[in-house]
Amino acid sequence: RGWSALVAAPRSRIALQMRAHLGEDHWQAFVSHAENKWKTQFLRAFEPSTHVLACTGPIEGGLCPYQFSICTHSIAAESQLQYLHLDHTHDLSNVCAVWRQAVPQFPQS
C-alpha cells in the first residue's frame, strides 16, 4: 500500500502534484520507470533486519517527538504503517516543486 499511496495510485501523493503537469502519457511513463527502477528497493526498506521501522525525526533535525516505531512482526503493523511519516529526508512537496520547475508542462519528448 505504501508504494501505491506514494507513486502508483491515480490519486497518489506524487500523482496529485505531478500528473497534470506531465500529461497522461508522460505520467504513465514515469510510473512505469519508477516501478521498474525503484519499487523493489522501496519495499525492501520496509523489511529491516531489526524488524522495527522507526521515525528518525523531522527534516530540520532533532528526534521524532512521538518516538514512533513499528515492529514489522506485530499483528498491528499493517494498520500502523499509515502513521509512519516517510518525507523526513526529502520533503515530497519540495521535490515535486523543483521537478515542476525543471520540466516544462506537457513535455514533448
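Our subject is the structure listed above.
What follows is about the overall build of the protein. Helix and strand counts for the protein stand at five helices and two strands. Helices (α) and strands (β) of the protein occur, in sequence order from the N terminus, as α-α-α-β-β-α-α. Projected onto its principal axes, the C-alpha positions of the protein cover 45 × 30 × 20 Å. Residues classed as buried in the protein amount to 27% of the 109 residues present. Looking at the protein alone, contacts between residues at least 24 apart form 55% of all its contacts between residues at least 6 apart. Counting every atom, the protein has about 7,800 Å² of accessible surface; 55% of that belongs to carbon and sulfur. Here the protein holds 8 positive side-chain charges and 8 negative ones, and the gap between their average locations is 2 Å.

With that settled, the discussion passes to the packing of helix α2 (residues 13–22) against helix α5 (residues 92–102). At their nearest, the axes of α2 and α5 sit 10 Å apart, and the two run at 10° to each other. When the axes of α2 and α5 are compared, the pair comes out roughly parallel. Contacts between α2 and α5 pair Arg13, Ile14, Gln17, Met18, His21 and Leu22 from the former with Leu92, Ser93, Cys96, Trp99 and Arg100 from the latter. For the contact of α2 with α5, the class distribution of residues is six nonpolar, three polar and two charged.

A word on the nonpolar core. Generally speaking, nonpolar side chains in soluble globular proteins are found buried as a group. If you look at the biggest cluster of nonpolar residues, it comprises 14 residues, and the most contacted ones within it are Leu6, Val7, Ile14, Met18 and Trp27. Looking at this core, the elements with two or more residues in it are α1 (2–8), α2, α3 (24–44) and α5. Ignoring any residue separated from it by four or fewer positions in sequence, one finds Leu6 in contact with Ser12, Arg13, Ile14, Phe42 and Leu92. Counting six residues, the second largest nonpolar core, distinct from the first, contains Leu53, Cys55, Ala77 and Leu84.

Rules and cut-offs
Residues numbered from 1 in each chain as written. Predicted model: local features only at pLDDT ≥ 70, side-chain atom pairs only at ≥ 80, totals over all residues. Heavy atoms only, no water. Helix = DSSP H or I, 4+ residues; strand = E, 2+ residues; numbered from the N terminus. Buried < 20%, exposed > 50% of the residue type's maximum accessible area, 1.4 Å probe, protein only. Contact = heavy atoms within 4.5 Å. Areas by Shrake-Rupley, 256 points an atom, 1.4 Å probe, with all protein chains shown as cover. Lys, Arg positive; Asp, Glu negative; His and termini not counted. Charge placed at Lys NZ, Arg CZ, Asp CG, Glu CD. Axes fitted to C-alpha atoms, helices over the stretch in contact; angles between N-to-C directions. Parallel < 35°, antiparallel > 145°, perpendicular 65-115°, else oblique. Nonpolar A, V, L, I, M, F, W, Y, C, P; charged D, E, K, R; others polar. Core = buried A, V, L, I, M, F, W, Y, C linked by side-chain atoms within 4.5 Å.

Spatial relationships are all this shows, so hold off on functional conclusions.
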